[in-house]
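Observations on the three-dimensional arrangement
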Amino acid sequence: MDYAASEPGVAEVTPAMALKILIAGGFGVGKTTMVGTISEIRPLHTEELLSERGVGVDDTSGVELKTTTTVALDFGRITIREGLWLYLFGTPGQDRFWFMWDELAVGALGAVVLADTRRLQECFPAVDYFEQRGLPFVVAVNCFDGARRHDPVKVRRALGLDGVAPIVLCDVRNRESVKDVLATLVTYAVGGPFNDPLPPTPTPSHSHASPT
Amino acid sequence: MTGEDPGPLVRLFGLTGGRARPLGESFDLVAIVTTVSTSFPPSDLIPEHLAVLSVCRRPTPVADVAAHLKLPLNITRVILGDLRREGLVTIDRPQPAAQAIDERIYREVLHGLRRL
Ligand SMILES: Nc1nc2c(ncn2[C@@H]2O[C@H](COP(=O)(O)OP(=O)(O)O)[C@@H](O)[C@H]2O)c(=O)[nH]1
Ligand SMILES: [Mg+2]
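Residues numbered from 1 in each chain as written. Chains lettered and ligands numbered in written order. Predicted model: local features only at pLDDT ≥ 70, side-chain atom pairs only at ≥ 80, totals over all residues. Heavy atoms only, no water.

As recorded in an unreviewed UniProt entry, chain B goes by the name DUF742 domain-containing protein, listed as coming from Sphaerisporangium corydalis.

Let me state the cut-off plainly: UniProt positions are given in the numbering used here, feature names are shortened, and annotations may be inferred rather than shown by experiment.
Going by the annotation in an unreviewed UniProt entry, the name recorded for chain A is ATP/GTP-binding protein, with Sphaerisporangium corydalis given as the source organism. Per UniProt, chain A has the following entry under Sequence similarities (unreviewed entry): "Belongs to the GPN-loop GTPase family."

This is the structure we're talking about:
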């Protein structure tokens, strides 16, 4: 104890840690906008080169990049304190890119599934994916028209959610709103209370999903 | 969408020798990269490698290294894998799963978000 206190900096040396939050949803739903609204750095927008065969194959022969496809990926950062960062990764939820999601999802704190009520079906794959992986997620309905008239209960029903994952309305262009969404996710991921019109069902009955 | 311009791809090809995956044990996009301070970097390092060694004197997540280099994440990882193989950087495993992160961290994150 004494020696730790007598050495400046030693007590401070907790390992640096970076946490991941994923932003999923269909094309044009507001992923890039959301990351840009909250990130303290100019969000990095990359076109990731992916080997079509995915990450399961370890090929060091140098031909992988010849068979690439690209996927847009946005990433932003929030510094909580020195040595503790929150990273946002936004990328489309599309079937051919699931292998990339598999990688992004490992160790992630949770996910935001962005939804546009006019095209709700576009977030189904992401919802299914996170349910099956057992990764905590919130559904954030981007209110494009600004009117908060979307009914979370109807959205929940349409998505066939079991009543556990929070559904929030948001405006991805608004910082406070994005903070709310992320805070809801963090609270939910840690098992805390959240604002939602439906009480959590005590025993979610997932007959189809097999979380691993 | 990438256009018809083959330029960037050719350049990336040069940086990675056409590899899409890093050498050695795989590592996360938010794994922490640290320059080995006692290492003796060869004098003929390419600019991207030098940039990594400079940035990572402070422990830096992979994603941030990519932002510094202005390169795609998976290309950055190939570069980092090469530097690790040369013993010039270490790459730490991040926390394995959200469930393993203790509640104090969660609370810090929550408060940090509210403060923004
Ligand atoms: N009016 C309005 N436009 C939005 C909103 N969110 C995003 N947009 C616009 O919708 C378009 C697609 O958004 P973007 O963030 O690029 O979607 P992404 O494809 O999911 O990354 C952009 O032109 C945004 O400016 C919103 O809440 N209201
Ligand atoms: Mg986008």
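**Considering the overall build of chain A**
Defined as follows: Secondary structure elements are taken from DSSP: a helix is a run of H or I of four residues or more, a strand is a run of E of two residues or more, and numbering for both begins at the N terminus. Accessible area is worked out with a 1.4 Å probe on protein chains only. A residue is then buried under 20% of its type maximum, exposed over 50%, and partly exposed in between. Residues are treated as being in contact if the distance between any of their heavy atoms lies within 4.5 Å.
Along chain A, the regular secondary structure elements total six helices and seven strands. Reading the secondary structure of chain A in the N-to-C direction produces α-β-α-β-β-β-α-β-α-β-α-β-α. The 212 residues of chain A split such that 53% are buried. Across chain A, contacts joining residues at least 24 apart in sequence account for 71% of those joining residues at least 6 apart.

**Concerning the overall build of chain B**
Threshold: To measure how exposed things are, a 1.4 Å probe is used in the Shrake-Rupley method; for residues, cover is taken only from the protein chains shown.
Secondary structure assignment for chain B yields five helices and three strands. The linear arrangement of helices and strands in chain B, starting from the amino end, is α-β-α-β-α-α-β-α. For chain B, with 116 residues in total, the buried portion stands at 49%. Within chain B, contacts between residues at least 6 apart in sequence are counted, and of these 73% link residues at least 24 apart. For chain B, the accessible surface area stands at approximately 6200 Å², while carbon and sulfur atoms represent 56% of it.

**Observations regarding the pattern of salt bridges**
All names here are of chain A. Put simply, the rule reads: We define a salt bridge as a contact between a side-chain nitrogen of Lys or Arg and a carboxyl oxygen of Asp or Glu at a distance within 4 Å.
In the structure shown here, the tally under the stated rule is eleven salt bridges over all chains. Where R133 meets D102, a salt bridge forms, and the shortest distance between an N and an O atom there is 3.3 Å. With R133 in helix α4 (residues 124-133) and D102 in helix α3 (residues 98-105), this pair connects stretches of sequence that are 31 residues apart. R133 sits in the partly exposed class, given a relative accessible area of 29%. We classify D102 as partly exposed; its relative accessible area is 32%. A network of salt bridges, in which partner residues are shared, links D116, R118, R119 and E122.

**What to know about the environment of R175(A)**
In plain terms, the rule: Counted as a polar contact is a pair of N or O atoms within 3.5 Å, where, for protein atoms, one must be capable of donating a hydrogen and the other of accepting one, and residues adjacent in sequence contribute only when both atoms are in side chains.
Topologically, R175(A) is positioned in helix α6 (residues 175-189). According to the relative accessible area criterion, R175(A) is partly exposed, its value standing at 35%. In this structure, the C-alpha to C-alpha distance between R175(A) and T79(A), residues 96 residues apart in sequence, is 15 Å. Contact partners of R175(A), with chain neighbours within four places excluded, come to T37(A), I38(A) and L116(B). Within the local environment of R175(A), its side chain forms a polar contact with the backbone oxygen of T37(A), the two atoms lying 3.5 Å apart.

**Digging into unusual backbone geometry**
Backbone phi values are negative for most residues with the exception of glycine, while trans is the configuration of most peptide bonds. Here K70(B), not a glycine, exhibits a phi torsion of approximately 55°, which is positive. Tracing the sequence through the fold places K70(B) in the loop between α3 (62-69) and α4 (73-85).

**Quick word on the site of ligand 1**
Residues and elements named next belong to chain A. For clarity, the threshold we go by: Nearness here has a simple test: a residue counts as near a molecule or strand if at least one of its heavy atoms is within 4 Å of that partner. Nonpolar residues are Ala, Val, Leu, Ile, Met, Phe, Trp, Tyr, Cys and Pro. Charged residues are Asp, Glu, Lys and Arg, and all others, Gly as well, are polar.
Lining the immediate surroundings of ligand 1 are 13 residues, of which G28, G30, K31, T32 and T33 lie closest. In this structure, an oxygen atom belonging to ligand 1 sits 2.5 Å away from a side-chain N or O atom of T33. Here ligand 1 loses 65% of its free accessible area of 570 Å² to cover by the protein chains. Residues that form the shell around ligand 1 fall into these classes: four nonpolar, six polar and three charged.

**Re the confidence of the model for chain A**
Convention followed: One confidence number per residue, pLDDT, is output by the predictor and ranges from 0 to 100.
In this model, chain A carries an average pLDDT of 76, and 69% of its residues clear a pLDDT of 70 or more. Across residues 194-212 of chain A, confidence stays below pLDDT 50; counting only partners more than four residues off in sequence or on other chains, it has 28 contacts.

**So, the packing of aromatic side chains**
Residue and element names in this part refer to chain A. Where we set the bar: Geometry of aromatic contacts follows a simple scheme: Phe, Tyr and Trp rings, the Trp one being its six-membered ring, pair when their centres are within 6.5 Å, and the pair is stacked under 30 degrees between planes, edge-to-face over 60, tilted otherwise. Our definition puts a charge over a ring when NZ of Lys or CZ of Arg is within 6 Å of the ring centre and also within 35 degrees of the ring normal.
Within the structure shown, the criterion is met by six aromatic pairs over all chains. Through a chain of ring-to-ring contacts, the aromatic side chains of W101, Y129, F130 and F137 assemble into a single cluster. We note R118 situated over the ring of F144; from NZ or CZ to the ring centre the distance is 4.8 Å.

**Structural notes on the nonpolar core**
Convention followed: By nonpolar core we mean a set of buried residues, namely Ala, Val, Leu, Ile, Met, Phe, Trp, Tyr and Cys, connected to one another through side-chain atoms within 4.5 Å.
Ranked by size, the top nonpolar core spans 77 residues in total, and within it L22(A), F89(A), V112(A) and F130(A) carry the most contacts. The residues touching V112(A), leaving out its near neighbours within four places in the chain, are I21(A), L22(A), I23(A), A24(A), M34(A), V138(A), A140(A), V181(A), L182(A) and L185(A).

**Considering helix α2 (residues 47-55) of chain B**
This is how the line gets drawn: As used here, the arc belongs to the directions running from the helix axis to the C-beta atoms.
If you check which residues of α2(B) are buried, you get E48(B), H49(B), V52(B) and L53(B). Along the axis of α2(B), the buried positions cluster into a sector of 140°, meaning they face one direction only.

**A short note on the sheet that holds strand β1 (residues 32-35) of chain B**
Residues and elements named next belong to chain B. Using the following cut-off: Note on pairing: DSSP must find at least two bridges between two strands before they are called paired.
Judged by pairing direction, the sheet is antiparallel, and its three strands sit side by side in the order β2-β1-β3 without closing on themselves. Because the sheet does not close on itself, it has two edges, and the strands there are β2 (60-61) and β3 (89-92). The sheet contact formed by β1 and β3 spans four bridges and is antiparallel. Pairing of I32 across the sheet is with D92, part of β3.

**A word on the side chain of T60(B)**
Residue and element names in this part refer to chain B. Assignment of secondary structure puts T60 in strand β2. On the basis of relative accessibility, which here comes to 7%, the residue T60 falls in the buried class. Within the local environment of T60, its side chain forms a polar contact with the backbone oxygen of V55, the two atoms lying 3.5 Å apart.

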